[in-house]
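Residue-level structural notes
Residues per chain are reported as follows:
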Amino acid sequence: MKFESANGTLTIYLTGRVDSSNAETVEKEMQSILAANSAEKLVLDAEDLAYISSAGLRVVLRLRKANATLKIVNASSEVYDIFEMTGFTEMIPIEKAYRRLSVEGCEVIGQGANGKVYRLDPDTIIKVYLNPDSLPDIHRERELARKAFVMGIPTAIPYDVVKVGDGYGSVFELLSAKSFAKLLIADPANLDMCVKLSVDLLKKIHATELKKGDMPDMKTVALGWADFLADYLPADQYEKLRSLIAAVPDDNHMLHGDYHIKNVMLQNGETLLIDMDTLCLGHPVFEFASIFLAYVGFGEVDHESTRQFLGIPYEMGEEFWHKTLHLYFNTDDEAKCEAIANKARVIGYARMMRRTIRRNGLNTPEGQAMIANCRSQLAKLLPVVDTLCFD
(Lines give C-alpha, C1' and ligand atoms only; values in the text may rest on other atoms or scores of the structure.)
Protein backbone atom coordinates (compact mmCIF):
# COMPACT_ATOMS: atom_id res chain seq x y z
CA MET A 1 0.00 0.00 0.00
CA LYS A 2 1.46 3.34 -1.05
CA PHE A 3 1.65 6.26 1.35
CA GLU A 4 3.44 9.56 1.87
CA SER A 5 4.00 11.79 4.84
CA ALA A 6 4.55 15.54 4.45
CA ASN A 7 3.88 18.69 6.48
CA GLY A 8 2.21 16.79 9.27
CA THR A 9 -0.21 14.93 6.95
CA LEU A 10 -0.08 11.19 6.29
CA THR A 11 -1.72 10.20 3.00
CA ILE A 12 -2.56 6.56 2.28
CA TYR A 13 -3.51 5.63 -1.29
CA LEU A 14 -6.31 3.09 -1.78
CA THR A 15 -6.44 1.08 -5.01
CA GLY A 16 -8.69 -1.46 -6.69
CA ARG A 17 -11.43 -2.95 -4.54
CA VAL A 18 -11.79 -3.13 -0.78
CA ASP A 19 -14.33 -5.84 0.06
CA SER A 20 -14.75 -8.90 2.25
CA SER A 21 -11.95 -10.74 0.44
CA ASN A 22 -9.24 -8.27 1.42
CA ALA A 23 -10.64 -5.84 4.02
CA GLU A 24 -8.76 -7.48 6.88
CA THR A 25 -5.45 -7.33 5.01
CA VAL A 26 -6.04 -3.68 4.02
CA GLU A 27 -6.75 -2.77 7.63
CA LYS A 28 -3.60 -4.47 8.89
CA GLU A 29 -1.48 -2.67 6.29
CA MET A 30 -2.95 0.69 7.23
CA GLN A 31 -2.39 0.05 10.94
CA SER A 32 1.23 -0.84 10.18
CA ILE A 33 1.70 2.40 8.24
CA LEU A 34 0.07 4.41 11.04
CA ALA A 35 2.28 2.79 13.67
CA ALA A 36 5.43 3.72 11.76
CA ASN A 37 4.42 7.28 10.81
CA SER A 38 3.18 9.85 13.27
CA ALA A 39 1.10 12.65 11.74
CA GLU A 40 -1.34 15.34 12.81
CA LYS A 41 -3.75 14.62 9.94
CA LEU A 42 -4.74 11.44 8.11
CA VAL A 43 -5.95 11.39 4.49
CA LEU A 44 -7.18 8.46 2.41
CA ASP A 45 -6.71 9.17 -1.30
CA ALA A 46 -9.39 7.22 -3.18
CA GLU A 47 -8.47 8.27 -6.72
CA ASP A 48 -7.67 4.67 -7.74
CA LEU A 49 -10.32 3.03 -5.55
CA ALA A 50 -12.84 1.32 -7.84
CA TYR A 51 -15.22 -0.12 -5.22
CA ILE A 52 -15.70 -0.40 -1.47
CA SER A 53 -18.09 -2.87 0.18
CA SER A 54 -19.67 -2.88 3.63
CA ALA A 55 -16.61 -4.72 4.92
CA GLY A 56 -14.40 -1.93 3.62
CA LEU A 57 -16.71 0.68 5.08
CA ARG A 58 -16.32 -0.91 8.52
CA VAL A 59 -12.55 -0.58 8.14
CA VAL A 60 -12.95 3.12 7.36
CA LEU A 61 -15.32 3.55 10.30
CA ARG A 62 -12.87 2.01 12.75
CA LEU A 63 -10.12 4.16 11.30
CA ARG A 64 -12.28 7.26 11.80
CA LYS A 65 -12.97 6.37 15.45
CA ALA A 66 -9.24 6.14 16.10
CA ASN A 67 -8.30 9.20 13.99
CA ALA A 68 -10.63 12.19 14.33
CA THR A 69 -8.78 14.07 11.57
CA LEU A 70 -9.50 11.44 8.91
CA LYS A 71 -10.44 12.86 5.51
CA ILE A 72 -11.12 11.07 2.21
CA VAL A 73 -10.24 12.78 -1.08
CA ASN A 74 -10.53 12.12 -4.82
CA ALA A 75 -13.44 9.68 -4.54
CA SER A 76 -14.93 8.77 -7.91
CA SER A 77 -18.62 9.46 -8.42
CA GLU A 78 -19.40 5.76 -7.95
CA VAL A 79 -17.40 5.46 -4.73
CA TYR A 80 -18.69 8.79 -3.45
CA ASP A 81 -22.27 7.59 -4.00
CA ILE A 82 -21.56 4.58 -1.78
CA PHE A 83 -20.23 6.82 0.98
CA GLU A 84 -23.18 9.19 0.61
CA MET A 85 -25.83 6.45 0.53
CA THR A 86 -24.47 4.86 3.70
CA GLY A 87 -24.24 8.17 5.60
CA PHE A 88 -20.45 8.37 5.70
CA THR A 89 -20.46 11.82 4.10
CA GLU A 90 -22.21 13.09 7.22
CA MET A 91 -19.50 11.68 9.51
CA ILE A 92 -16.30 12.16 7.53
CA PRO A 93 -15.12 14.95 5.19
CA ILE A 94 -15.22 13.28 1.77
CA GLU A 95 -14.27 15.06 -1.46
CA LYS A 96 -15.12 13.91 -4.95
CA ALA A 97 -12.56 13.58 -7.70
CA TYR A 98 -13.18 16.35 -10.19
CA ARG A 99 -12.41 16.34 -13.89
CA ARG A 100 -9.92 18.97 -14.97
CA LEU A 101 -10.64 21.76 -17.45
CA SER A 102 -8.52 24.58 -18.82
CA VAL A 103 -9.81 28.09 -19.51
CA GLU A 104 -6.68 29.15 -21.38
CA GLY A 105 -7.70 31.22 -24.39
CA CYS A 106 -11.38 31.28 -23.37
CA GLU A 107 -13.40 34.49 -23.54
CA VAL A 108 -14.04 36.19 -20.19
CA ILE A 109 -17.74 37.09 -20.14
CA GLY A 110 -18.02 38.25 -16.54
CA GLN A 111 -16.08 38.92 -13.37
CA GLY A 112 -17.17 39.51 -9.81
CA ALA A 113 -15.74 39.55 -6.32
CA ASN A 114 -15.72 35.74 -6.10
CA GLY A 115 -14.61 34.65 -9.54
CA LYS A 116 -14.49 34.93 -13.32
CA VAL A 117 -16.96 33.53 -15.85
CA TYR A 118 -15.56 32.10 -19.09
CA ARG A 119 -17.23 30.77 -22.21
CA LEU A 120 -15.80 27.33 -22.93
CA ASP A 121 -17.76 26.85 -26.16
CA PRO A 122 -21.02 28.13 -27.73
CA ASP A 123 -23.06 25.95 -25.35
CA THR A 124 -21.08 26.04 -22.11
CA ILE A 125 -19.79 28.55 -19.59
CA ILE A 126 -17.73 28.02 -16.46
CA LYS A 127 -17.44 30.14 -13.34
CA VAL A 128 -13.93 29.82 -11.89
CA TYR A 129 -13.70 30.81 -8.24
CA LEU A 130 -10.78 32.96 -7.10
CA ASN A 131 -10.49 31.22 -3.72
CA PRO A 132 -8.73 27.85 -4.18
CA ASP A 133 -10.67 26.51 -1.17
CA SER A 134 -14.00 27.42 -2.72
CA LEU A 135 -15.88 24.10 -2.57
CA PRO A 136 -18.15 25.29 0.27
CA ASP A 137 -18.91 28.45 -1.75
CA ILE A 138 -19.69 26.37 -4.85
CA HIS A 139 -22.05 24.06 -2.98
CA ARG A 140 -23.71 27.07 -1.36
CA GLU A 141 -24.26 28.76 -4.74
CA ARG A 142 -25.62 25.52 -6.23
CA GLU A 143 -28.12 25.26 -3.39
CA LEU A 144 -29.18 28.90 -3.75
CA ALA A 145 -29.60 28.48 -7.52
CA ARG A 146 -31.64 25.31 -6.97
CA LYS A 147 -33.95 27.11 -4.53
CA ALA A 148 -34.44 30.00 -6.95
CA PHE A 149 -35.13 27.64 -9.86
CA VAL A 150 -37.70 25.66 -7.86
CA MET A 151 -39.45 28.94 -7.03
CA GLY A 152 -39.77 29.85 -10.69
CA ILE A 153 -36.75 32.12 -11.26
CA PRO A 154 -35.23 31.36 -14.69
CA THR A 155 -31.63 30.55 -13.96
CA ALA A 156 -28.85 28.31 -15.18
CA ILE A 157 -28.22 25.41 -12.79
CA PRO A 158 -24.59 24.24 -12.60
CA TYR A 159 -24.40 20.61 -13.69
CA ASP A 160 -20.77 19.87 -12.88
CA VAL A 161 -17.95 20.92 -10.55
CA VAL A 162 -14.45 20.77 -12.05
CA LYS A 163 -10.85 21.51 -11.19
CA VAL A 164 -9.28 24.49 -12.97
CA GLY A 165 -5.61 24.82 -12.12
CA ASP A 166 -5.36 24.78 -8.34
CA GLY A 167 -8.97 25.92 -7.87
CA TYR A 168 -12.51 24.90 -8.71
CA GLY A 169 -15.21 25.92 -11.15
CA SER A 170 -18.91 25.37 -11.81
CA VAL A 171 -20.00 24.41 -15.33
CA PHE A 172 -23.29 25.65 -16.81
CA GLU A 173 -25.05 24.87 -20.07
CA LEU A 174 -26.10 28.09 -21.78
CA LEU A 175 -26.92 27.39 -25.40
CA SER A 176 -25.80 30.42 -27.42
CA ALA A 177 -26.87 32.73 -24.58
CA LYS A 178 -25.63 36.33 -24.63
CA SER A 179 -25.41 38.67 -21.69
CA PHE A 180 -27.28 41.95 -21.89
CA ALA A 181 -23.86 43.60 -21.79
CA LYS A 182 -22.92 41.80 -25.03
CA LEU A 183 -26.21 42.80 -26.63
CA LEU A 184 -25.61 46.46 -25.77
CA ILE A 185 -22.01 46.42 -26.92
CA ALA A 186 -23.11 44.89 -30.24
CA ASP A 187 -25.92 47.41 -30.73
CA PRO A 188 -26.72 50.29 -28.32
CA ALA A 189 -30.21 50.39 -29.89
CA ASN A 190 -30.95 47.29 -27.78
CA LEU A 191 -31.00 49.45 -24.65
CA ASP A 192 -34.78 49.85 -24.30
CA MET A 193 -35.35 46.15 -24.92
CA CYS A 194 -32.73 45.20 -22.33
CA VAL A 195 -34.17 47.60 -19.75
CA LYS A 196 -37.67 46.17 -20.30
CA LEU A 197 -36.55 42.55 -19.99
CA SER A 198 -34.28 43.40 -17.06
CA VAL A 199 -37.10 45.10 -15.13
CA ASP A 200 -39.55 42.29 -15.88
CA LEU A 201 -37.15 39.74 -14.41
CA LEU A 202 -36.31 42.01 -11.48
CA LYS A 203 -39.99 42.32 -10.57
CA LYS A 204 -40.36 38.54 -10.76
CA ILE A 205 -37.44 38.13 -8.37
CA HIS A 206 -38.80 40.70 -5.94
CA ALA A 207 -42.28 39.12 -6.02
CA THR A 208 -40.86 35.78 -4.86
CA GLU A 209 -41.46 35.29 -1.15
CA LEU A 210 -39.13 33.18 0.97
CA LYS A 211 -39.12 31.83 4.47
CA LYS A 212 -36.99 33.62 7.03
CA GLY A 213 -33.61 31.92 7.06
CA ASP A 214 -33.87 30.51 3.52
CA MET A 215 -31.28 33.04 2.33
CA PRO A 216 -29.07 35.68 3.98
CA ASP A 217 -30.90 38.77 5.25
CA MET A 218 -29.60 41.83 3.44
CA LYS A 219 -30.67 44.20 6.21
CA THR A 220 -28.34 42.42 8.64
CA VAL A 221 -25.51 42.66 6.11
CA ALA A 222 -26.13 46.38 5.53
CA LEU A 223 -26.11 47.07 9.28
CA GLY A 224 -22.65 45.51 9.28
CA TRP A 225 -21.57 47.96 6.57
CA ALA A 226 -22.78 50.87 8.69
CA ASP A 227 -21.03 49.59 11.82
CA PHE A 228 -17.77 49.22 9.90
CA LEU A 229 -17.95 52.93 9.02
CA ALA A 230 -18.35 54.06 12.64
CA ASP A 231 -14.64 54.93 12.74
CA TYR A 232 -14.64 56.64 9.34
CA LEU A 233 -17.71 58.92 9.46
CA PRO A 234 -18.64 61.77 11.81
CA ALA A 235 -20.66 60.39 14.72
CA ASP A 236 -23.90 62.09 13.67
CA GLN A 237 -23.63 60.72 10.13
CA TYR A 238 -22.88 57.20 11.35
CA GLU A 239 -25.83 57.28 13.76
CA LYS A 240 -28.19 58.58 11.05
CA LEU A 241 -26.98 55.96 8.58
CA ARG A 242 -27.43 53.11 11.03
CA SER A 243 -30.84 54.30 12.20
CA LEU A 244 -32.07 54.58 8.60
CA ILE A 245 -31.00 51.00 7.83
CA ALA A 246 -32.37 49.68 11.12
CA ALA A 247 -35.75 51.25 10.37
CA VAL A 248 -36.13 49.41 7.05
CA PRO A 249 -38.95 46.87 7.57
CA ASP A 250 -38.02 43.21 7.58
CA ASP A 251 -38.89 41.70 4.22
CA ASN A 252 -38.75 38.06 3.12
CA HIS A 253 -38.82 38.68 -0.62
CA MET A 254 -35.95 37.53 -2.82
CA LEU A 255 -33.13 39.82 -3.97
CA HIS A 256 -30.36 38.94 -6.40
CA GLY A 257 -27.77 41.13 -4.69
CA ASP A 258 -25.60 41.79 -7.76
CA TYR A 259 -28.10 42.58 -10.50
CA HIS A 260 -26.66 44.10 -13.67
CA ILE A 261 -26.33 43.51 -17.40
CA LYS A 262 -23.53 40.97 -17.09
CA ASN A 263 -25.60 38.73 -14.84
CA VAL A 264 -28.71 38.70 -17.03
CA MET A 265 -28.57 36.72 -20.27
CA LEU A 266 -30.84 36.22 -23.24
CA GLN A 267 -31.28 32.68 -24.54
CA ASN A 268 -33.81 31.96 -27.29
CA GLY A 269 -35.88 34.97 -26.23
CA GLU A 270 -35.85 34.01 -22.53
CA THR A 271 -34.03 35.95 -19.82
CA LEU A 272 -31.79 33.91 -17.53
CA LEU A 273 -30.19 34.99 -14.27
CA ILE A 274 -26.65 33.86 -13.45
CA ASP A 275 -24.10 34.37 -10.65
CA MET A 276 -26.41 33.23 -7.86
CA ASP A 277 -23.97 33.29 -4.94
CA THR A 278 -25.29 36.74 -3.90
CA LEU A 279 -28.96 35.67 -3.57
CA CYS A 280 -30.52 37.03 -0.40
CA LEU A 281 -33.77 38.41 0.96
CA GLY A 282 -34.85 41.86 2.06
CA HIS A 283 -36.40 45.17 1.05
CA PRO A 284 -35.85 46.15 -2.62
CA VAL A 285 -33.95 49.31 -1.56
CA PHE A 286 -30.93 47.07 -0.95
CA GLU A 287 -31.18 45.72 -4.50
CA PHE A 288 -31.42 49.20 -5.97
CA ALA A 289 -28.33 50.24 -4.00
CA SER A 290 -26.41 47.47 -5.73
CA ILE A 291 -27.86 48.36 -9.14
CA PHE A 292 -26.90 52.02 -8.63
CA LEU A 293 -23.32 51.04 -7.87
CA ALA A 294 -23.07 48.81 -10.94
CA TYR A 295 -24.38 51.38 -13.42
CA VAL A 296 -23.29 54.68 -11.85
CA GLY A 297 -21.53 54.59 -8.48
CA PHE A 298 -18.45 52.54 -9.34
CA GLY A 299 -17.77 54.78 -12.34
CA GLU A 300 -18.56 58.12 -10.77
CA VAL A 301 -14.96 59.06 -10.00
CA ASP A 302 -13.42 57.36 -13.04
CA HIS A 303 -15.93 56.95 -15.87
CA GLU A 304 -13.63 54.50 -17.66
CA SER A 305 -14.14 51.92 -14.89
CA THR A 306 -17.75 51.45 -16.08
CA ARG A 307 -16.47 50.40 -19.48
CA GLN A 308 -13.93 48.10 -17.85
CA PHE A 309 -16.59 46.50 -15.63
CA LEU A 310 -19.67 46.36 -17.87
CA GLY A 311 -18.19 47.02 -21.30
CA ILE A 312 -20.43 50.04 -21.93
CA PRO A 313 -19.80 53.80 -21.67
CA TYR A 314 -20.55 55.49 -18.35
CA GLU A 315 -23.28 57.57 -19.99
CA MET A 316 -25.08 54.40 -21.12
CA GLY A 317 -24.86 53.06 -17.59
CA GLU A 318 -26.50 56.24 -16.30
CA GLU A 319 -29.25 55.93 -18.91
CA PHE A 320 -29.86 52.28 -18.04
CA TRP A 321 -30.13 53.22 -14.34
CA HIS A 322 -32.60 56.05 -14.91
CA LYS A 323 -34.78 54.06 -17.30
CA THR A 324 -34.80 51.15 -14.86
CA LEU A 325 -36.16 53.40 -12.11
CA HIS A 326 -38.89 54.88 -14.31
CA LEU A 327 -40.01 51.51 -15.64
CA TYR A 328 -39.82 49.56 -12.37
CA PHE A 329 -41.86 52.18 -10.51
CA ASN A 330 -44.08 52.88 -13.54
CA THR A 331 -43.71 56.65 -13.33
CA ASP A 332 -42.57 59.63 -15.40
CA ASP A 333 -42.23 61.72 -12.25
CA GLU A 334 -38.56 62.74 -12.14
CA ALA A 335 -38.84 63.98 -8.54
CA LYS A 336 -40.19 60.61 -7.38
CA CYS A 337 -37.43 58.72 -9.16
CA GLU A 338 -34.79 61.05 -7.72
CA ALA A 339 -36.13 60.53 -4.21
CA ILE A 340 -35.98 56.75 -4.65
CA ALA A 341 -32.50 57.03 -6.17
CA ASN A 342 -31.30 59.01 -3.13
CA LYS A 343 -32.43 56.23 -0.79
CA ALA A 344 -30.49 53.69 -2.84
CA ARG A 345 -27.47 55.99 -2.97
CA VAL A 346 -27.28 56.21 0.83
CA ILE A 347 -26.81 52.45 1.09
CA GLY A 348 -24.72 52.29 -2.07
CA TYR A 349 -22.17 54.85 -0.96
CA ALA A 350 -21.90 53.21 2.47
CA ARG A 351 -21.26 49.85 0.83
CA MET A 352 -18.74 51.28 -1.64
CA MET A 353 -16.87 53.20 1.04
CA ARG A 354 -16.52 50.12 3.24
CA ARG A 355 -15.50 47.97 0.27
CA THR A 356 -12.83 50.46 -0.81
CA ILE A 357 -11.38 50.82 2.70
CA ARG A 358 -11.21 47.04 3.10
CA ARG A 359 -9.35 46.79 -0.20
CA ASN A 360 -6.56 49.08 1.00
CA GLY A 361 -8.16 52.14 -0.61
CA LEU A 362 -6.89 54.46 2.10
CA ASN A 363 -3.38 53.88 0.77
CA THR A 364 -3.92 54.37 -2.97
CA PRO A 365 -4.78 57.54 -4.93
CA GLU A 366 -7.70 55.81 -6.67
CA GLY A 367 -9.04 54.49 -3.39
CA GLN A 368 -8.65 57.83 -1.66
CA ALA A 369 -10.62 59.55 -4.43
CA MET A 370 -13.40 56.96 -4.18
CA ILE A 371 -13.59 57.24 -0.37
CA ALA A 372 -13.62 61.05 -0.57
CA ASN A 373 -16.51 60.93 -3.04
CA CYS A 374 -18.48 58.55 -0.80
CA ARG A 375 -17.91 60.80 2.22
CA SER A 376 -18.98 63.87 0.26
CA GLN A 377 -22.12 62.22 -1.12
CA LEU A 378 -23.16 60.81 2.26
CA ALA A 379 -22.66 64.24 3.85
CA LYS A 380 -25.15 65.65 1.31
CA LEU A 381 -27.68 62.82 1.44
CA LEU A 382 -27.94 61.91 5.11
CA PRO A 383 -29.40 65.26 6.28
CA VAL A 384 -32.18 65.15 3.65
CA VAL A 385 -33.11 61.45 3.55
CA ASP A 386 -35.48 60.58 6.38
CA THR A 387 -36.44 57.05 5.34
CA LEU A 388 -35.06 54.37 3.04
CA CYS A 389 -38.50 52.92 2.36
CA PHE A 390 -40.55 53.40 -0.78
CA ASP A 391 -43.81 52.00 -2.11
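Residues numbered from 1 in each chain as written. Predicted model: local features only at pLDDT ≥ 70, side-chain atom pairs only at ≥ 80, totals over all residues. Heavy atoms only, no water.

On to unusual backbone geometry. The backbone phi angle of N268 is positive, close to 55°, even though this residue is not glycine. Within the fold, N268 resides in the loop between β13 (264-267) and β14 (270-273). Judged by its relative accessible area of 74%, N268 is exposed. Residues other than glycine seldom take positive phi values, yet D275 does so here, at roughly 60°. As for its placement among the helices and strands, D275 is situated in the loop between β14 and β15 (280-281). With a relative accessible area of 13%, D275 lands in the buried category. (Helix = DSSP H or I, 4+ residues; strand = E, 2+ residues; numbered from the N terminus. Buried < 20%, exposed > 50% of the residue type's maximum accessible area, 1.4 Å probe, protein only.)

Its place among the elements puts A75 in strand β4 (residues 71-75). Each C-alpha atom, one on A75 and one on A50, is 9.0 Å from the other, the two residues being 25 residues apart in sequence. Sequence-distant contacts of A75, that is, excluding residues within four places in its chain, are made with A46, Y80, I94, E95, K96 and A97. (Contact = heavy atoms within 4.5 Å.)

Another point: the sheet that holds strand β3 (residues 41-52). Sheets are built from strands that pair by backbone hydrogen bonding, the pairs being arranged parallel or antiparallel. Strand order in the open sheet made by the 5 strands is β1-β2-β3-β4-β5, with mixed pairing throughout. What marks the edges here is a single partner per strand, and that holds for β1 (3-6) and β5 (94-96). Between one strand axis and the next, the sheet turns by 20° as a mean value, whatever way the strands run. Here strand β2 (residues 9-18) runs beside β3; their pairing, made up of 9 bridges, is parallel. The residue of β3 that forms the bridge with T9 is K41. Its contacts with the sheet put helix α1 (residues 23-36) on β1, β2 and β3, and the angle it makes with β2 is roughly 165°. Strands in contact with helix α2 (residues 54-66) are β2, β3 and β4; relative to β3, the strand with the most contacts, it is inclined by about 175°. (Pairing = 2+ DSSP bridges. Axes fitted to C-alpha atoms, helices over the stretch in contact; angles between N-to-C directions.)

Let us now look at the side chain of K163. Looking at the element boundaries, K163 is found in strand β9 (residues 160-164). For the buried K163, no salt bridge exists, and the shortest N-O distance to an oppositely charged side chain is 5.9 Å, to D166. (Lys, Arg positive; Asp, Glu negative; His and termini not counted. Salt bridge = Lys/Arg side-chain N within 4 Å of Asp/Glu carboxyl O.)

Our focus in this paragraph is helix α9 (residues 284-295). Here α9 is 12 residues long and its end C-alpha atoms lie 17 Å apart, about the 16 Å a rise of 1.5 Å per residue gives. The element α9 is largely enclosed, with a buried count of 12 among its 12 residues. Where α9 is concerned, the buried positions are P284, V285, F286, E287, F288, A289, S290, I291, F292, L293, A294 and Y295. (Expected span 1.5 Å × (residues − 1).)

It is worth spelling out the packing of α9 against helix α12 (residues 334-358) at this point. Between two packed helices, both the angle of their axes relative to each other and the distance between the axes serve to describe the pair. Two elements in contact, α9 and α12, have axes separated by 8 Å at closest approach and are oriented at 65°. Overall, the two elements α9 and α12 adopt an arrangement that is roughly perpendicular. Judged by the twist between their axes, the crossing of α9 over α12 is right-handed. Residues V285, F286, F288, A289, S290, F292 and L293 of α9 form the contact with α12, whose participating residues are K343, A344, R345, I347, G348, Y349, R351 and M352. (Parallel < 35°, antiparallel > 145°, perpendicular 65-115°, else oblique. Left-handed = near helix turned anticlockwise from the far one by under 90°.)

With that out of the way, let us pick up empty space enclosed by the protein. On inspection of all chains with the given rule, the structure shows 4 cavities of 30 Å³ or more. In this structure, the largest cavity encloses a volume near 90 Å³. Lining the largest cavity are 13 residues; nearest its centre among them are G110, Q111, G112, N263 and D275. Looking at the lining of the largest cavity, the elements with two or more residues in it are β6 (107-111) and β7 (115-121). In the lining of the largest cavity, the residues fall into 4 nonpolar, 6 polar and 3 charged. (1 Å grid on protein atoms, 1.4 Å probe; cavity = no way out; pocket = protein on both sides within 12 Å on 5 of 7 lines; lining within 4 Å. Points joined across faces, edges and corners; volume = space filled by probe spheres on them. Nonpolar A, V, L, I, M, F, W, Y, C, P; charged D, E, K, R; others polar.)

If you look at the biggest cluster of nonpolar residues, it comprises 78 residues, and the most contacted ones within it are L241, I261, F286, F288, W321 and L388. Excluding its chain neighbours within four sequence positions, the residues that come into contact with F286 are M218, K219, A222, I245, V248, L255 and I347. L14, L44, F83 and F88 belong to the second-largest nonpolar core, a separate cluster that totals 29 residues. (Core = buried A, V, L, I, M, F, W, Y, C linked by side-chain atoms within 4.5 Å.)

This brings us to the side chain of H256. Among the secondary structure elements, H256 is positioned in the loop between β12 (254-255) and β13. Contacts of H256, omitting those with residues within four sequence positions, involve I205, N263, L273, I274, D275, M276, T278, L279 and E287.

Strand order in the open sheet formed by 3 strands is β11-β13-β14, with antiparallel pairing between adjacent strands. At either margin of the open sheet sits one strand with a lone partner, and together these are β11 (178-179) and β14. Relative to β14, β13 runs antiparallel, the two sharing 4 bridges. Considered in β14, the bridge of M265 is made with L272. Helix α6 (residues 191-206) rests against β13 and β14 of the sheet, and its axis sits at about 55° to β14.

Spatial relationships are all this shows, so hold off on functional conclusions.
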